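Now for the letters of each chain:
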Amino acid sequence: MEMPLYPSVTDIALRLFLTVVAGGLIGINREAGGHSAGFRTTVLAALAASLAMILANSILDVGGKTPGSFATMDPMRLPLGILTGMGFIGGGAILKQGNTISGVTTAATLWAVTVVGLCFGSGNLVLGSVGTAIILLTLIGFKWVDLRVARRRRAHVVIEGARNTPTLAEFFKTVQSEGYGVTFLSETDVGEERRHMTFEVHWEQPEIDGNPPPLLDFLTSRYNLQSFEMVAEGFR
C-alpha cells in the first residue's frame, strides 16, 4: 500500500484508532503479567511512532508531484531514528540482578509495538493488523509452550554431618540415583567432629512444575540439610 500524498482526516483518524487498539491489546497482556511496561506505556510507544509517520506524511513537499516522484526518497531514515530512540526506553526496562536478567521480553515488546505504530502511521493498515495479531500470539499463545520447555535448574545445597559421614561418594550416588547431577563445591569444619559440605545440584525442569522441586524434600528426609538455595539463571 502506498502512502497517500494527501491523507484525509478520516484516514488519519483510522490510523490513530488502530494504533491505540493495537497498543492497548498488547499493553493489556503486559499489564496483566505485572510487567514494568504495561497498558499506557505500550499505547504511548505505538502512538508516538504512528504520529511521527503521519507527520512525515503531512509535511512532504507534494506540490505538483505524483507518487512516482518520490522514488529517490530514503523511506527508512525516519523509522530507524524512531527505533533508535525506542532502544533507550527498552534498555531501561532491562534489569540485571545477580545472575538474573529480566525485562528482555518487555523491551522486545516495546520495540515490536513501535514497529506496529510505524505501520499504522504510514497507512499500511493490513501489515499493522497482521503484526499486532502475531505479537499477541507470541505473548499469549507461545507462553503456553514456554512454560513447558524443560530448563536447566541449579541449587546450592549445604548439609551437615560427622567428619566422615556422609562420604562424598555416598552422597553423589544417592542424589544421582534420583536423576540429579551433582558437583562438589567446598567443605568447612564447624566443630571437632562436624563439617558442612556444599554441593551444586542441577537438573532440568519445566517452569510450570514450580519451585522448589521434589529434591528439597528428598534431601531433607535423608540428610541434616542446612541450606537449600536456588541459583537464578536465564532471561525474562
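Reference entry: report on the structure contained in this document. On a predicted model such as this, the values are computed, not experimentally measured, just so you know. (Residues numbered from 1 in each chain as written. Predicted model: local features only at pLDDT ≥ 70, side-chain atom pairs only at ≥ 80, totals over all residues. Heavy atoms only, no water.)

## Considering the side chain of Thr198
Rules: Numbering of helices and strands starts at the N terminus; helices are DSSP runs of H or I of at least 4 residues and strands are runs of E of at least 2. Should any heavy atoms of two residues lie within 4.5 Å, those residues are counted as being in contact.
For Thr198, the location among the structural elements is in strand β5 (residues 194–206). Residues in contact with Thr198, not counting those within four places in the same chain, are Val157, Val158, Phe184, Leu185 and Ser186.

## Things to note about a nonpolar patch on the surface
Here is the rule: Think of a patch as exposed residues, more than 30% relative accessible area, with no salt bridge, where like charges cluster within 9 Å and nonpolar side chains (Val, Leu, Ile, Met, Phe, Trp, Tyr) cluster within 5 Å. Exposure was quantified through the Shrake-Rupley algorithm and a 1.4 Å probe, taking into account, for residues, occlusion by the shown protein chains and nothing else. For this document, the term salt bridge refers to a Lys or Arg side-chain nitrogen within 4 Å of an Asp or Glu carboxyl oxygen. Between buried and exposed lies partly exposed: a residue is buried under 20% and exposed over 50% of the maximum accessible area for its type, with that area taken using a 1.4 Å probe on protein chains only.
Taken together, the side chains of Leu14, Phe17, Val21 and Leu25 define a hydrophobic patch exposed on the protein surface, amounting to about 350 Å² of accessible area. Within the element layout of this structure, Phe17 appears in helix α1 (residues 9–32). For Phe17, a relative accessible area of 54% corresponds to the exposed category.

## What to know about the packing of α1 against helix α5 (residues 125–148)
What counts here: Axis definition: a line fitted to C-alpha atoms, limited for helices to the stretch in contact. Angles are taken between N-to-C directions and run from 0 to 180 degrees. Angle categories are assigned with fixed cut-offs, so that under 35 degrees is roughly parallel, over 145 is roughly antiparallel, 65 to 115 is roughly perpendicular, and the rest are oblique. Just so you know the grouping, Ala, Val, Leu, Ile, Met, Phe, Trp, Tyr, Cys and Pro go in nonpolar, Asp, Glu, Lys and Arg go in charged, and all remaining residues, Gly too, go in polar.
It is at 10 Å that the axes of α1 and α5 come closest, and there the two elements cross at 5°. As the angle between them shows, α1 and α5 are arranged roughly parallel. Only Leu125, Thr132, Ile135, Leu136, Leu139 and Ile140 of α5 make contact with α1, whose side of the interface consists of Leu14, Arg15, Leu18, Ala22, Leu25, Ile26, Asn29 and Arg30. Of the residues that constitute the contact of α1 with α5, the class distribution is 10 nonpolar, two polar and two charged.

## Some details on the sheet that holds strand β6 (residues 224–231)
What counts, and what does not: We treat two strands as partners when DSSP finds at least two bridges between them.
An order of β4-β5-β3-β6 is seen for the four strands of this open sheet, with the pairing classed as antiparallel. Strand pairing shows two members of the sheet lacking a second neighbour, β4 (181–189) and β6, which therefore form its edges. The sheet shows a mean angle of 20° between the axes of neighbouring strands, direction not considered. Bridge analysis of β4 against β5 gives eight bridges, and the strand direction is antiparallel. Each residue of the ladder has a partner; that of Thr183, found in β5, is Glu200. Sitting on the sheet, helix α7 (residues 215–222) is in contact with β3 (150–162), β5 and β6, with an inclination near 165° to β6.

## Things to note about the packing of aromatic side chains
Using the following cut-off: Here the aromatic set is Phe, Tyr and Trp, taking the six-membered ring for Trp, and pairing holds for ring centres within 6.5 Å; pairs whose planes are under 30 degrees apart are stacked, those over 60 apart are edge-to-face, and all others are tilted.
Counted according to the given criterion, the structure contains five aromatic pairs. Arranged with centres 6.1 Å apart and planes meeting at 70°, the rings of Phe172 and Phe199 form a pair that is edge-to-face. Note that Phe172 is positioned in helix α6 (residues 168–176) and Phe199 in strand β5, a separation of 27 residues in sequence. Judged by centre distance (5.6 Å) and plane angle (65°), the ring pair of Phe184 and Phe199 falls under edge-to-face. Note that Phe184 is positioned in strand β4 and Phe199 in strand β5, a separation of 15 residues in sequence.

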